[in-house]
Amino acid sequence: NPDISCNNILWESHIYGYSEIYRCDASIPSGAGSCTPGNRIAVETGSIDDNPKVHGSSIVWRSGTINYYIKRCIIGTNCGETNTKTYVTDSSETQSEKRNPEIYGNVIAWAQQPLGQSNFDIYKCSINTTSGVNAGCINGNNRVQITSDLDNQLFPEIYARFIIWQDYRNVNADIYMSNKSRLS
């Protein structure tokens, strides 16, 4: 799952039974390629970390071992340092898996399995960069549920003012966009 924004390249690597998130700065020349092992920065290691996305200097990804949640860090301030990542969603929401994070500007979207249900819905929140560790999304603060159908909605993407996703309410995967998802 590689992703790129400006000079920031992200990918997940499967090492020692875990998936880990790495980043490199493509503007740093280093021989044949700028993403050589010496130029890699570990964003997150030690658990199952996947689905990395980057926009500008913000990175989001799915993290966890049994309960999965969405984490975020800002390149140049806290990525790669211990205990400096922010939680976008709460890991204590047991049986509520989160996946497919996406970021654009200060808006994060993801698919989440509501408690007690087998389907996934799309959620979003606007990050208040001054709100501290919880990034404004935990416990419903600034979190908006975009979809609520009994079938799956997955793989959100954000661009400018809109969120789109794959929607299975008509059996086959269709692409939907909601007026409620405007980011302005």
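Residues numbered from 1 in each chain as written. Predicted model: local features only at pLDDT ≥ 70, side-chain atom pairs only at ≥ 80, totals over all residues. Heavy atoms only, no water.

1. A look at the overall build of the protein
When its secondary structure is counted, the protein shows 0 helices and 15 strands. Within the span of the protein, comprising 184 residues, buried residues form 45% of the whole. In the protein, the proportion of contacts linking residues at least 24 apart, taken out of those at least 6 apart, comes to 37%. Total accessible area on the protein stands at roughly 9300 Å², and carbon and sulfur atoms take up 49% of it. (Helix = DSSP H or I, 4+ residues; strand = E, 2+ residues; numbered from the N terminus. Buried < 20%, exposed > 50% of the residue type's maximum accessible area, 1.4 Å probe, protein only. Contact = heavy atoms within 4.5 Å. Areas by Shrake-Rupley, 256 points an atom, 1.4 Å probe, with all protein chains shown as cover.)

2. Considerations on the sheet that holds strand β7 (residues 68-74)
Reading across from one edge, β5-β6-β7-β8 is the order of the 4 strands in this open sheet, with antiparallel pairing throughout. Each having just a single partner strand, β5 (48-55) and β8 (86-87) make up the two edges of the open sheet. As paired strands, strand β6 (residues 58-64) and β7 are joined by 7 bridges and run antiparallel to one another. Counterpart to Gly-64 in the pairing with β7 is Tyr-68. (Pairing = 2+ DSSP bridges.)

3. Some thoughts on the packing of aromatic side chains
Scanning the model with the defined rule gives 4 aromatic pairs in all. With a centroid separation of 6.1 Å and 10° between ring planes, the pair formed by Trp-110 and Tyr-123 is classed as stacked. A residue pair is termed long-range when its members are at least 10 positions apart, and Trp-110 in strand β10 (residues 107-112) and Tyr-123 in strand β11 (residues 121-126) qualify at 13 residues. Positioned over the ring face of Tyr-68 is Arg-62, at 4.0 Å from the centre of the ring. (Phe/Tyr/Trp six-rings, centres within 6.5 Å; stacked < 30°, edge-to-face > 60°. Lys NZ or Arg CZ within 6 Å of the ring centre and 35° of its normal.)

4. Here we look at the sheet that holds strand β2 (residues 8-15)
Ordered in space as β1-β2-β3-β4, the 4 strands form an open sheet in which the pairing is antiparallel. In this open sheet, the two edge strands, each paired with only one partner strand, are β1 (3-5) and β4 (41-44). With direction set aside, neighbouring strand axes in the sheet form an average angle of 30°. (Axes fitted to C-alpha atoms, helices over the stretch in contact; angles between N-to-C directions.)

5. A word on the environment of Cys-137
You can see Cys-137 is positioned in the loop between β11 and β12 (143-145). C-alpha separation for the pair Cys-137 and Ile-108, spaced 29 residues apart in sequence, amounts to 9.2 Å. Apart from residues no more than four positions distant in its own chain, Cys-137 is found in contact with Val-88, Cys-125, Ile-127 and Arg-143.

6. Points about unusual backbone geometry
The backbone of Asn-100 shows a phi angle near 55°, a positive value even though the residue is not glycine. Positionally, Asn-100 belongs in strand β9 (residues 98-104). Taking relative accessible area as the criterion, Asn-100 reaches 11% and is therefore assigned buried. Look at Val-171: it is not a glycine, yet its phi comes out positive at around 75°. Relative to the helices and strands, Val-171 resides in the loop between β14 (162-170) and β15 (172-177). Given the relative accessible area of 70%, Val-171 is considered exposed.

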